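As a plain string of letters, each chain reads:
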Amino acid sequence: MQPPEANAELARLRWAATALVGWLVVASCAAGFIAVALLYAPYDIDSSAYQIVLCLTGGAFGASLAALLSVVTRVSRGWELGDGRRFPPHEPGLPFAGRLAPMYAVRPLFGAAVGILVYVLLLGLLLIVLSGEAELSFEPIGLLSVALVAGFFAPTFLERVRQTTEAFLGRAPAAGPAPPASGEQPQHLGLQVGPAGDERR
């Protein structure tokens, strides 16, 4: 027999999960429809505005699908209350928790931003490789596919971008303790280190 407060929280979790699934289904369908319309409509495919909208839509489509899959998978594994209790208690895997709802709700917008980042990175890479020797051009279906995959794996994609950036530019130095002021003696707090590294008081 579950306590009344647990039943009330479970009801709120079910409502939040249902609303999230509905929102993500609408976002996925809308992004997919816009992507197909962009591919087959008579637009100037070499236009920067067209390419940006295509990447934005592909990123939002991929991120919406990934979030929808994650929410449905977590709901199938149960629920986690605010105090950490799980229902069913012994179900393996990660359950759905209410604190995750805002993150899932903004995932399509996050994917759209990743799609724009994909376009900027591809454009910069082509500018470096071609060095102005040829006219820049993207195949729409290829551009959409790259943005969709990047949106689907958005956290992993951003982590790889961060690692690549650090490899080229170097990691920022960690902030160490501030040096003592002029004339001020450093405090050792009564702790000395012997020649073998053993600590002595």
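Residues numbered from 1 in each chain as written. Predicted model: local features only at pLDDT ≥ 70, side-chain atom pairs only at ≥ 80, totals over all residues. Heavy atoms only, no water.

Draft legend 1. View of the overall build of the protein chain. Counting secondary structure elements, the protein chain contains 6 helices and 5 strands. Along the chain direction, N to C, the helices and strands of the protein chain fall in the order α-α-β-β-β-α-α-α-α-β-β. Counting over 201 residues, the protein chain shows a buried share of 29%. Pairs at least 24 apart in sequence give 65% of the contacts found in the protein chain among residues at least 6 apart. Accessible area for the protein chain stands at about 13,100 Å²; split by element, carbon and sulfur atoms hold 66% of it. (Helix = DSSP H or I, 4+ residues; strand = E, 2+ residues; numbered from the N terminus. Buried < 20%, exposed > 50% of the residue type's maximum accessible area, 1.4 Å probe, protein only. Contact = heavy atoms within 4.5 Å. Areas by Shrake-Rupley, 256 points an atom, 1.4 Å probe, with all protein chains shown as cover.)

Draft legend 2. Structural detail: a nonpolar patch on the surface. A contiguous nonpolar surface patch, about 280 Å² in accessible area, is contributed by I52, L56, I116 and V120. Of note, I52 is situated in helix α2 (residues 48-76). (Patch = residues over 30% accessible without salt bridge, like charges linked within 9 Å, V, L, I, M, F, W, Y side chains within 5 Å. Salt bridge = Lys/Arg side-chain N within 4 Å of Asp/Glu carboxyl O.)

Draft legend 3. Focus on the side chain of E80. Along the polypeptide, E80 turns up in strand β1 (residues 79-80). Polar side-chain contacts of E80 include one of 3.2 Å to the side chain of R99. Aside from chain neighbours lying at most four places away, what touches E80 is L13, R85, R86, P95, F96, A97, G98 and R99. (Polar contact = N/O pair within 3.5 Å; in protein donor to acceptor, adjacent residues only side chain to side chain.)

Draft legend 4. The arrangement of the sheet that holds β1 in detail. Taken in spatial order, the 3 strands line up as β2-β1-β3 in an open sheet, and their pairing is mixed. Both edges of this open sheet fall to β2 (86-87) and β3 (96-97), since each of them pairs with a single strand only. Summarising the sheet, β1 and β3 pair through 2 bridges and their orientation is parallel. Counted as the bridge partner of W79 is F96 from β3. (Pairing = 2+ DSSP bridges.)

Draft legend 5. Main features of the confidence of the model for the protein chain. Per-residue pLDDT for the protein chain has a mean of 81; in total, 77% of the residues score no lower than 70. Segment residues 188-201: pLDDT under 50, and 11 contacts once partners within four positions in sequence are set aside and those in other chains are kept. (pLDDT = per-residue confidence, 0-100.)

Draft legend 6. Molecular detail of the pattern of salt bridges. In the structure shown here, the tally under the stated rule is 2 salt bridges. The partner of R99 in a salt bridge is E80, and the shortest N-O contact between them spans 3.2 Å. Taken together, the positions of R99 in the loop between β3 and α3 (101-105) and E80 in strand β1 put the pair 19 residues apart, joining distant regions of the chain. Classification of E80 by relative accessible area gives buried; the value is 17%. We note a salt bridge from R85 to D83, for which the minimum N-O separation is 2.8 Å. By relative accessible area, R85 is classed as partly exposed at 33%.

Draft legend 7. Seen up close, the packing of aromatic side chains. For the structure shown, the criterion picks out 2 aromatic pairs. Plain terms: the ring middles of W79 and F96 are 6.0 Å apart, the flat faces sit at 85 degrees to each other, and that makes the pair edge-to-face. Of the two residues, W79 is situated in strand β1 and F96 in strand β3; the sequence distance between them amounts to 17 residues. The pair W79 / F96 is uniform in exposure class, with both members buried. (Phe/Tyr/Trp six-rings, centres within 6.5 Å; stacked < 30°, edge-to-face > 60°.)

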